[in-house]
Amino acid sequence: MWTSEEWVAYFEHNATNLMPIPWGAGAGATREELAEIIESLRAWQLGETSDGTRLTRAAERHAAQTYDPAYVEAIKRFIAEEQRHGEMLGRFLDLAGVPRKGRDWGDSIFRLFRHLRLRMEVWTTVVVMVEVHAMLYYAAVRRATGSAVLRRICHQILRDEVPHLRFQCERLAIIHRNRGRALRALTMGVQRVLFAGVTVAIWAGHRRALRAGGLTFRRFWGGAWAQMGKAWRAMDPRGYTWPTGRAN
Ligand SMILES: [Fe+2]
Ligand SMILES: [Fe+2]
C-alpha cells in the first residue's frame, strides 16, 4: 500500500507523462458513429468536470482524523486528473462542433448529493463504483469510434483510471480496517445493493453508446461485476499488512 506522499509523487509523475493527443487530426468521427455516442459523451464530460470542493472538504476532515495530512494533496491531484479528463472530452466536443452540456439528470442527482456533508467512506465508495463503470464505458467508446483523437483520449483515461481505482480501494481498506467481521459483511452487502443500482442506472443512461461499443446488457453487467470484484478484493483490509501502533 502506498502512503499519501507516494500517491502525491505518483500523480506528479503521471501529469508529466501523458500520451500525446493528435488534436490536429480534427474530430475525425463519422456522423453515424457520433449519433450513437455523443449524447452520452456530453453527460460523461460534464460528470468529469466537478470542482471537487466537497470532496476536498471531506478529505480534509478525514486527513485530520487519521493524522495523514498529505492525503488532502493526493485528493487534490486526483481531482485535477478527473478535471483533465473532462477538459480533454470537452475539447473533443468542441472539435466535433457539439456544444458542451450544462446539466444532466444523472449529474444533477450527483451534484445534489455532493451537497451533503458526506464522509470520506461514502465518497470513496461512490467514486470506485463510477470508475469501475468508466473503465467499461471508455473501452466501449474507444471501440465505437474511428476518431484518432477520441480513441487516444479514451486510452489516456483508461490508463489513469487503473491507479485511481487502486488509490480509492487502498483508502477504503484503511477506513474498513478496524471494522469487525459483522460490520464488514454488512458494509459489503450495502455496497452490492448500491452497485447493482448504479450499474442499472448507467446502463439506462448510456446503453446506446455502450451497445455501439459492442456491449449487450449481459456483457456490461458481467464486466461490471468482474471489475468490481477486483475492487472489492483490493479494498479488503485483510489483504494488507498494517504497521502496528498507528491509530486510525
Ligand atoms: Fe475520470
Ligand atoms: Fe478516475
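Residues numbered from 1 in each chain as written. Chains lettered and ligands numbered in written order. Predicted model: local features only at pLDDT ≥ 70, side-chain atom pairs only at ≥ 80, totals over all residues. Heavy atoms only, no water.

Student: In this structure, what is going on with the overall build of the protein? I would like to understand it.
Tutor: Within the protein one finds nine helices and zero strands. Seen in sequence order, the protein has helices and strands lined up from the N terminus as α-α-α-α-α-α-α-α-α. A compact globule built from 248 residues should have a C-alpha radius of gyration of about 18 Å, and the protein, at 18 Å, falls within 12% of that. Expressed as lengths along the three principal axes of its C-alpha atoms, the size of the protein is roughly 60 × 40 × 30 Å. Counting contacts in the protein only where the partners sit at least 6 residues apart, residues at least 24 apart contribute 83% of the total. With the model as given, the accessible surface of the protein reaches about 12200 Å², and the carbon-plus-sulfur share is 57%. Where the 37 positive side-chain charges of the protein centre and where its 24 negative ones centre are 6 Å apart. (Helix = DSSP H or I, 4+ residues; strand = E, 2+ residues; numbered from the N terminus. Rg over C-alpha atoms; globule rule 2.2 N^0.38 Å. Contact = heavy atoms within 4.5 Å. Areas by Shrake-Rupley, 256 points an atom, 1.4 Å probe, with all protein chains shown as cover. Lys, Arg positive; Asp, Glu negative; His and termini not counted. Charge placed at Lys NZ, Arg CZ, Asp CG, Glu CD.)

Student: Just checking my understanding: could you explain the side chain of S147 for this structure?
Tutor: As for its position among the elements, S147 is in the loop between α6 (120-144) and α7 (148-176). Among the residues examined, S147 registers a relative accessible area of 0% and is labelled buried. (Buried < 20%, exposed > 50% of the residue type's maximum accessible area, 1.4 Å probe, protein only.)

Student: What's the story with the UniProt feature "transmembrane region" (unreviewed entry) in the protein in this structure? I'm lost.
Tutor: When the UniProt feature table is mapped onto this chain, "transmembrane region" (unreviewed entry) is found at residues 120-140. Taken end to end, residues 120-140 is 100% helix and 0% strand, and its first and last C-alpha atoms sit 30 Å apart. (UniProt positions renumbered as here; feature names shortened; annotations may be inferred.)

Student: So what exactly am I meant to see when it comes to empty space enclosed by the protein here?
Tutor: A complete count under the given rule lists two cavities of 30 Å³ or more for this structure. Space inside the largest cavity adds up to approximately 40 Å³. Across the lining of the largest cavity, the residue classes tally to five nonpolar, no polar and two charged. For the second largest cavity, the calculated volume is near 30 Å³. Those elements that place two or more of their residues in the lining of the second largest cavity are α4 (70-95) and α6. Per-element accounting of the lining of the second largest cavity gives the leading share, four residues, to α6. Looking at the lining of the second largest cavity residue by residue, the class counts come to six nonpolar, two polar and no charged. (1 Å grid on protein atoms, 1.4 Å probe; cavity = no way out; pocket = protein on both sides within 12 Å on 5 of 7 lines; lining within 4 Å. Points joined across faces, edges and corners; volume = space filled by probe spheres on them. Nonpolar A, V, L, I, M, F, W, Y, C, P; charged D, E, K, R; others polar.)

Student: Explanation requested: a nonpolar patch on the surface in the structure shown.
Tutor: On the surface, L183, L186 and V190 cluster together to form a nonpolar patch covering roughly 280 Å² of accessible area. For L186, the location among the structural elements is in helix α8 (residues 181-212). (Patch = residues over 30% accessible without salt bridge, like charges linked within 9 Å, V, L, I, M, F, W, Y side chains within 5 Å. Salt bridge = Lys/Arg side-chain N within 4 Å of Asp/Glu carboxyl O.)

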